[in-house]
Amino acid sequence: MAIRVLLVDDQELFRAGIARILAAQDGIEVVGEAADGLEAVALVDELTPDVVLMDIRMPVMDGVESTRQIFAPARVAARATPVRVVVLTTFNLDDRAATAIRYGASGFLLKDATPAMLREAIHTVYAGNAVLAPTDLATLLDGKFQAPKPLPAGFGQLTEREREVFVAVARGLSNAEIAAQLFASESTVKTHLGAVLRKLGLRDRVQVVVFAHEHGLADG
């Protein structure tokens, strides 16, 4: 099945260009377009895309607020399948992009990204991963989370093995790398990661990194 993509940008020419690029990619289908963040929120509910390419600066409602609303708990709970958001910006390490990631986005791309980078980003976030390297993601988040938040009760429910997996994921390790580090199988790592996400109420690996930085756990 093709990955269903929603394009969100106030510039019609830019949307048309991205749509043409994605139309040439196997396994990707553009299912809708929105000109502002408010329209994007409505279309995510209506069209249930897998991935949203979200411009950060738009009239009516910007990409940050739109991302916040898309990942509002009630909307997340009502979805049968997850949605991933990739923020599009003209600025590297954009402060607004950091806020959007905190709200639930899976990373960001510069608007001058190549078609290959765009295709790879869509497949990457669809799989539940970030489109930023862990070091770049850490640079963004370190500017947003100066005072660590208190740990929720769920963190205390993690087993020792689950905490080891949590720390490894927060550092950006893949399942294969974690399995090698812990002398375990990848399926065992996936099971532990699933337990971590469930106990902490997180959606994916990106949110593990965000959680670690919010609570001062990024260094293990």
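Residues numbered from 1 in each chain as written. Predicted model: local features only at pLDDT ≥ 70, side-chain atom pairs only at ≥ 80, totals over all residues. Heavy atoms only, no water.

What am I meant to see in the overall build of the chain here?
Counting its secondary structure elements, the chain contains 12 helices and five strands. Across the 220 residues in the chain, those meeting the buried criterion constitute 49%. Partitioning the contacts of the chain with sequence separation of at least 6, the portion at a separation of at least 24 is 68%. For the chain, the exposed area adds up to about 10,500 Å²; of that, 53% sits on carbon and sulfur atoms. (Helix = DSSP H or I, 4+ residues; strand = E, 2+ residues; numbered from the N terminus. Buried < 20%, exposed > 50% of the residue type's maximum accessible area, 1.4 Å probe, protein only. Contact = heavy atoms within 4.5 Å. Areas by Shrake-Rupley, 256 points an atom, 1.4 Å probe, with all protein chains shown as cover.)

Mind showing me how you'd approach helix α12 (residues 205-214) here?
Residues lying three or four places apart along an α-helix face the same way, a consequence of the helix completing one turn every 3.6 residues. Counting buried positions along α12 yields 10 of 10 residues, so the element is predominantly enclosed. All buried positions along α12 are accounted for by Arg205, Val206, Gln207, Val208, Val209, Val210, Phe211, Ala212, His213 and Glu214. With a side-chain oxygen positioned 3.1 Å from the backbone nitrogen of Gln207, the residue opening α12 is Asp204. Taken from the residues just after α12, Gly216 is the one with a positive phi, measuring 70°. (Polar contact = N/O pair within 3.5 Å; in protein donor to acceptor, adjacent residues only side chain to side chain.)

It is not clear to me how helix α9 (residues 160-170) should be interpreted in this structure. Could you clarify?
Every buried residue of α9 is listed here: Glu162, Val165, Phe166, Val167, Ala168, Val169 and Ala170. Buried residues belonging to α9 abut α8 (153-156), α10 (175-182), α11 (186-200) and α12.

Please explain the sheet that holds strand β3 (residues 51-55) as it appears in this structure.
Backbone hydrogen bonds hold the strands of a sheet together, and the pairing may be parallel or antiparallel. Strand order in the open sheet made by the five strands is β2-β1-β3-β4-β5, with parallel pairing throughout. Bordering the open sheet on either side are β2 (28-34) and β5 (108-110), each of which pairs with just one other strand. Each adjacent strand pair in this sheet contributes to an overall mean axis angle of 25°, direction not counted. Packed on one face of the sheet, helix α2 (residues 37-47) meets β1 (3-8), β2 and β3 and runs near 135° to β2. (Pairing = 2+ DSSP bridges. Axes fitted to C-alpha atoms, helices over the stretch in contact; angles between N-to-C directions.)

Just checking my understanding: could you explain the nonpolar core for this structure?
The nonpolar side chains of soluble globular proteins are, as a tendency, buried together. Counting 27 residues, the largest nonpolar core has Leu6, Val8, Val52, Met54, Ile70, Val85 and Val87 as its most contacted members. Broken down by secondary-structure element, the contributors of at least two residues to this core are β1, α2, β3, α3 (63-70), β4 (84-89), α5 (95-103) and α12. If you tally residues by element for this core, the top one is α2, at five residues. Residues within four places of Met54 in sequence aside, it is in contact with Val8, Ala40, Gly63, Ser66, Thr67, Ile70, Val85, Val86, Val87 and Leu88. Ranked by size, the runner-up nonpolar core spans 22 residues in total, among them Phe155, Val165, Phe166 and Val167. (Core = buried A, V, L, I, M, F, W, Y, C linked by side-chain atoms within 4.5 Å.)

Sorry if this is basic, but what is going on with the environment of Val44 here?
Of note, Val44 is situated in helix α2. Residue class for Val44 comes out buried when judged on its relative accessible area of 2%. Taking the C-alpha atoms as reference points, Val44 and Arg79, separated by 35 residues in sequence, lie 10.0 Å from one another. When near neighbours in sequence (up to four residues on either side) are disregarded, Val44 contacts Leu6, Pro49, Val52, Ile70 and Arg79.

Could you clarify how one ought to interpret the pattern of salt bridges in this entry?
On inspection of all chains with the given rule, the structure shows eight salt bridges. Taking the shortest distance from any N to any O, the salt bridge between Arg15 and Glu33 comes out at 3.0 Å. Residue Arg15 is located in helix α1 (residues 12-23), and its partner Glu33 is located in strand β2; the two are separated by 18 residues in the primary sequence. Owing to a relative accessible area of 12%, Arg15 belongs among the buried residues under this scheme. With relative accessibility at 33%, the residue Glu33 sits in the partly exposed group. Note that Arg75 and Asp45 form a salt bridge whose closest N and O atoms lie 3.0 Å from each other. Placement of Arg75 in helix α4 (residues 73-78) and of Asp45 in helix α2 is noted, with a sequence separation of 30 residues between them. Note on Arg75: relative accessible area 28%, which makes it partly exposed. (Salt bridge = Lys/Arg side-chain N within 4 Å of Asp/Glu carboxyl O.)

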